[in-house]
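# Structural description and commentary
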Amino acid sequence: MSEHVDVVVIGAGVVGLAVARALALSGREVLVLESERGIGTGVSARNSEVIHGGLYYPPGSLKAKFCVEGNRMLYAYCAERGIGHERCGKLVVAAHTDQIPKLEQLQRTGTTNGMTDLRMLTGEEAMAMEPELTCAAALHSPSSGIVDTHALMLSLQGDAENAGAMVVFGSPVVGGKVTDDGVLIETGGDEPMTLLAKLVVNSASLHAQALAHTIDGFPPEHIPPSHYAKGNYFSISGRAPFSRLIYPVPEAAGLGVHLTIDMGHQARFGPDVEWVDTLDYEVDPQRADSFYAAIRTYWPALKDGALQPAYSGIRPKIQAPGEPAVDFMITGPAEHGVPGIIHLFGIESPGLTSCMAIADHVAGMARDNTR
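Residues numbered from 1 in each chain as written. Predicted model: local features only at pLDDT ≥ 70, side-chain atom pairs only at ≥ 80, totals over all residues. Heavy atoms only, no water.

## Examining the overall build of the protein chain
Each helix and strand counted, the protein chain has nine helices and 21 strands in total. In terms of overall size, the protein chain behaves like a compact globule, its C-alpha atoms giving a radius of gyration of 21 Å where 371 residues would be expected to give roughly 21 Å. Seen through its principal axes, the protein chain has C-alpha atoms that stretch 70 × 40 × 40 Å. Taking all 371 residues of the protein chain together, 57% fall into the buried category. Counted over contacts in the protein chain with a minimum sequence separation of 6, partners at least 24 positions apart contribute 71%. The average position of the 26 basic charges and that of the 42 acidic charges among the side chains of the protein chain differ by 5 Å. (Helix = DSSP H or I, 4+ residues; strand = E, 2+ residues; numbered from the N terminus. Rg over C-alpha atoms; globule rule 2.2 N^0.38 Å. Buried < 20%, exposed > 50% of the residue type's maximum accessible area, 1.4 Å probe, protein only. Contact = heavy atoms within 4.5 Å. Lys, Arg positive; Asp, Glu negative; His and termini not counted. Charge placed at Lys NZ, Arg CZ, Asp CG, Glu CD.)

## Looking at the pattern of salt bridges
According to the stated counting rule, one finds 13 salt bridges in the structure shown. Across the salt bridge formed by D272 and R287, the nearest N and O atoms sit 2.8 Å from each other. Residue D272 is located in the loop between β17 (266-270) and β18 (274-276), and its partner R287 is located in the loop between β18 and α7 (288-295); the two are separated by 15 residues in the primary sequence. Residue class for R287 comes out partly exposed when judged on its relative accessible area of 22%. Across the pair R296 and D304 runs a salt bridge, and its minimum N-O distance is 2.6 Å. The structure contains a network of salt bridges with shared partners spanning R21, E80, R81 and D159. (Salt bridge = Lys/Arg side-chain N within 4 Å of Asp/Glu carboxyl O.)

## Regarding helix α9 (residues 351-368)
Helix geometry: α9 is bent most strongly at A357, by close to 40°. The buried fraction of α9 amounts to 14 of the 18 residues, a majority that puts the element mostly inside the structure. (Bend = angle between axes of the 7 residues up to and from the residue.)

## A look at the packing of aromatic side chains
In total, this model carries six aromatic pairs according to the counting rule given. Look at Y233 and Y311: their rings are 4.4 Å apart centre to centre, the planes differ by 15°, and that puts the pair in the stacked class. Here Y233 is found in strand β14 (residues 227-239), whereas its partner Y311 is found in strand β19 (residues 308-317), with 78 residues between them in sequence. Y311 shares its class with Y233; the two are buried. Taken together, a centroid distance of 4.6 Å and an interplanar angle of 55° make the contact between F234 and F291 tilted. Of this pair, F234 sits in strand β14 while F291 sits in helix α7, and the two are 57 residues apart along the sequence. Looking at F291, the relative accessible area reads 0%, which means it is buried. A connected cluster of aromatic rings, assembled from ring pairs, spans Y56, Y57 and Y247. The positively charged end of R46 is found above the aromatic ring belonging to Y281, 3.9 Å away from the centroid. In this structure, K90 is placed above the aromatic ring of Y247, and the distance from its NZ or CZ to the ring centre is 4.1 Å. (Phe/Tyr/Trp six-rings, centres within 6.5 Å; stacked < 30°, edge-to-face > 60°. Lys NZ or Arg CZ within 6 Å of the ring centre and 35° of its normal.)

## A look at the environment of S205
Take S205: it is sitting in the loop between β12 (194-202) and α6 (208-213). When the C-alpha positions of S205 and V15 are compared, they lie 8.9 Å apart, and in sequence the two are 190 residues distant. If we skip the residues at most four places from it in the chain, S205 touches V43 and P316.

## With respect to the nonpolar core
Within the largest apolar cluster, 48 residues are counted, with the highest numbers of intra-cluster contacts made by L133, F269, I295, Y298 and L307. Excluding residues within four positions of it along the chain, Y298 makes contact with V93, E132, L133, T134, I246, P248, V257, H258, L259 and F269. Formed by 46 residues, the second largest nonpolar core is a distinct cluster that contains A12, F66, L74 and C355. (Core = buried A, V, L, I, M, F, W, Y, C linked by side-chain atoms within 4.5 Å.)

## Concerning the pairing of strand β2 (residues 30-33)
For a regular strand, side chains alternate in direction, first toward one face of the sheet and then toward the other. In β2, alternate side chains face the same way, and those of V30 and V32 on one face and L31 and L33 on the other are all buried. Across four bridges, the pairing between strand β1 (residues 3-10) and β2 is parallel. Looking at β2, one finds that V9 is bridged to V32. Note on the crossover from β1 through helix α1 (residues 14-25) to β2: the handedness is right-handed. Of the strand pairs in this sheet, β2 and strand β9 (residues 166-168) are connected by three bridges, and their pairing is parallel. (Pairing = 2+ DSSP bridges. Right-handed = clockwise from strand over helix to strand, strands pointing away.)

## Let's talk about the sheet that holds strand β4 (residues 85-86)
The antiparallel open sheet is built from three strands, whose spatial order is β3-β8-β4. Strands at the two margins of the open sheet, each flanked by one partner only, are β3 (50-51) and β4. Inspection of the sheet shows β3 paired to strand β8 (residues 145-147) by two bridges, in the antiparallel sense. What sits directly across from V50, in β8, is I146.

## A few points about the state of the cysteines
Tallied over the full model, the rule gives zero disulfides. Of all cysteine sulfurs, the one in C78 lies closest to C88, which takes part in no disulfide; the gap is 13 Å. Using a relative accessible area of 10% as the deciding quantity, one classes C88 as buried. (Disulfide = S-S within 2.5 Å.)

## Points about the environment of D262
Here D262 is to be found in the loop between β16 (258-261) and β17. Separated by 140 residues in sequence, D262 and T122 have C-alpha atoms that sit 27 Å apart. Residue contacts for D262: discarding those within four places in its chain leaves I146 and R268. A distance of 2.9 Å separates a polar atom in the side chain of D262 from the backbone nitrogen of G264. Looking at D262, its side chain comes within polar contact range of the main-chain nitrogen of Q266, at 2.8 Å. (Polar contact = N/O pair within 3.5 Å; in protein donor to acceptor, adjacent residues only side chain to side chain.)

Now the structure itself:
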């Protein structure tokens with residue numbers, strides 16, 4: 001026997017909780033299934049906690065659209081709910097004059113994407129803002145900032161539950177089946193369940209593709225490949241000598257080893273890019289050598305021995321090493337032809353910034369595909 005439910009959202013990270021909130025507020029009955037014992041223990045707990053502005057992503061892409069929209073939505077939501085955040089701004093810095101064209105390209109991209117506050121700075125102007133900085137030029141993004149991700153997730157969960165949603169922990173999805181009456185979902189854990197849902201939203205992040213493959217009747221050709229790009233972080237003791245986020249020009253699979261600050265103004269550096277095959281979160285202290293070299297391109301005063309291993313996260317990539325970056329892949333019946341299933345694949349950065357915009361998009365897809 002299966003229990004009939006309206007909507008099942010799989011995954012209680014920041015995006016899954018935002019989706020559950022949006023669907024519950026739209027009047028849907030929502031059940032969130034989370035394999036772990038708490039919210040946001042995966043990608044959502046292991047990132048830079050940065051609110052991005054939208055200058056890195058190709059115009060017209062979902063990443064560009066949702067980042068710019070999500071930036072505005074997130075600041076408004078955090079201010080309304082008293083969630084810890086700071087619009088501290090970001091400097092993307094050119095270490096040498098030959099990197100300045102890359103900054104100019106970023107400015108053009110960000111402006112095309114709808115960012116209205118980007119400003120090119122000379123090295124002198126940037127170093128006047130941040131005296132410990134060394135650079136040839138910088139791109140200033142005042143709308144970039146930081147957020148207390150856990151407080152944000154608690155608020156999203158609270159909103160969803162106040163609107164009638166329920167979050168069930170320790171309930172890993174072990175399989176499913178497409179039927180004429182809906183999508184059957186089988187869970188494991190201490191209290192296994194069989195659910196028949198009108199709509200299933202797969203927001204399982206690192207596990208989204210593997211989960212999609214367990215759904216009998218879903219065409220595998222509509223499931224993209226899955227790759228893991230680990231990002232290691234290092235910290236320093238004491239307060240950071242910077243009041244803004246400091247980023248180098250972006251690199252192939254990430255945004256470079258950047259300096260971010262948390263709500264207590266503690267500094268952390270990262271992430272780097274380490275392609276891995278398994279979910280291993282240990283930080284190899286030996287990687288500090290490359291961090292010193294990268295950080296000293298913009299902060300040459302960093303002392304030897306100052307860096308300590310902090311934590312790591314893993315990005316859910318669709319592209320393989322060496323391939324060009326790809327967009328978020330959010331697919332529903334219009335794309336894959338299966339009623340009642342919406343998949344969220346490759347929700348890496350700027351997923352945190354985009355969470356509320358993604359949620360509104362999914363809620364719109366759900367309205368368009370009501371059984």
